[in-house]
Amino acid sequence: MAINDVECCETLHKHEHLLNQVNRNMPDEDELYDLAELFKVFGDSTRIRILFVLFEAEVCVCDLAQALNMTQSAISHQLKLLKQNKLVKSRREGKSVFYSLADGHVRTIIAQGREHIEE
């Protein structure tokens, strides 16, 4: 989209009451950074595919690799990012490690994203 495709005000006028409201409610820079980093995690289709598998069941890396036709190494790399961002959790059972969604927020974020793109 060219810059000329965006409509702009014909005159420069500040709406102080609106700017004050925005400034009062704007999160601090650290929170904005963390939020942007979280949304970056959703920017990879492999990670989204992993989350969709985990919507259905708690599974180990072996099962994820089989379900997604990928190597365990590639899956482990993506799980590390998902875990660092608190989107998945793990538990050990003997020699196996099982992964699941960290909480219901993950399902909600994906559901709202799907709803948005389907509008």
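In case you missed it, the structure is sitting above this.
Residues numbered from 1 in each chain as written. Predicted model: local features only at pLDDT ≥ 70, side-chain atom pairs only at ≥ 80, totals over all residues. Heavy atoms only, no water.

(A) Inspection of the overall build of the protein chain at higher detail. A count of helices and strands for the protein chain gives six helices and three strands. Ordered by position from the N terminus, the helices and strands of the protein chain form the series α-α-α-β-α-α-β-β-α. Overall, the C-alpha framework of the protein chain stretches about 65 × 30 × 25 Å when taken along its three principal axes. Considering only residue pairs separated by 6 or more positions, the protein chain has 49% of its internal contacts joining residues 24 or more positions apart. For the protein chain, the accessible area works out to roughly 9400 Å², and carbon and sulfur atoms hold 52% of it. (Helix = DSSP H or I, 4+ residues; strand = E, 2+ residues; numbered from the N terminus. Contact = heavy atoms within 4.5 Å. Areas by Shrake-Rupley, 256 points an atom, 1.4 Å probe, with all protein chains shown as cover.)

(B) Broad picture of the packing of aromatic side chains. Per the stated rule, a full pass over the model turns up two aromatic pairs. For the pair Phe 39 and Phe 42, a centre-to-centre distance of 6.3 Å together with 50° between the ring planes defines the contact as tilted. Residue class for Phe 42 comes out buried when judged on its relative accessible area of 14%. (Phe/Tyr/Trp six-rings, centres within 6.5 Å; stacked < 30°, edge-to-face > 60°. Buried < 20%, exposed > 50% of the residue type's maximum accessible area, 1.4 Å probe, protein only.)

(C) View of the nonpolar core. Of all hydrophobic cores here, the largest spans 22 residues; its most connected members are Ile 50, Leu 51, Leu 64, Ile 75, Leu 79 and Leu 82. Those elements that provide at least two residues to this core are α2 (29-41), α3 (45-56), α4 (61-68), α5 (72-84), β3 (96-101) and α6 (104-117). Here the element with the most residues in this core is α3; it accounts for five residues. For Leu 79, the contacting residues outside a window of four places in its chain are Ile 50, Val 61, Leu 64, Val 88 and Tyr 99. (Core = buried A, V, L, I, M, F, W, Y, C linked by side-chain atoms within 4.5 Å.)

(D) Expanded view of the pattern of salt bridges. Within this structure, the stated rule accounts for three salt bridges. Residue Glu 58 pairs with Arg 91 through a salt bridge whose shortest N-O separation is 2.8 Å. With Glu 58 in the loop between α3 and β1 (59-60) and Arg 91 in strand β2 (residues 88-93), the pair connects residues that are 33 residues apart, well separated along the chain. Classification of Glu 58 as partly exposed rests on a relative accessible area of 34%. Accessibility expressed as a relative area gives 35% for Arg 91, which makes it partly exposed. Two residues, Arg 91 and Glu 93, come together in a salt bridge whose shortest N-O distance is 2.7 Å. Taking relative accessible area as the criterion, Glu 93 reaches 45% and is therefore assigned partly exposed. Through salt bridges that share partners, Glu 58, Arg 91 and Glu 93 make up one connected network. (Salt bridge = Lys/Arg side-chain N within 4 Å of Asp/Glu carboxyl O.)

(E) Broad picture of the environment of Leu 32. In this fold, Leu 32 is placed in helix α2. Of the residues examined, Leu 32 reaches a relative accessible area of 27% and is grouped as partly exposed. Counting along the chain gives 43 residues from Leu 32 to Ile 75, while the straight-line C-alpha distance between them is 28 Å. For Leu 32, the residues in contact, after removing those within four places along its chain, are Met 26 and Pro 27.

(F) Inspection of the side chain of Ser 100 at higher detail. One can find Ser 100 in strand β3. Residue Ser 100 is classed as buried on the basis of its relative accessible area, which comes to 14%. Beyond its immediate chain neighbours, meaning those up to four positions away, Ser 100 contacts Leu 54, Glu 58, Leu 87, Val 88 and Lys 89.

(G) The arrangement of a negative patch on the surface in detail. The grouping of Asp 28, Glu 29, Asp 30, Glu 31 and Asp 34 at the surface amounts to a negative patch. With respect to the secondary-structure elements, Glu 31 resides in helix α2. (Patch = residues over 30% accessible without salt bridge, like charges linked within 9 Å, V, L, I, M, F, W, Y side chains within 5 Å. Lys, Arg positive; Asp, Glu negative; His and termini not counted. Charge placed at Lys NZ, Arg CZ, Asp CG, Glu CD.)

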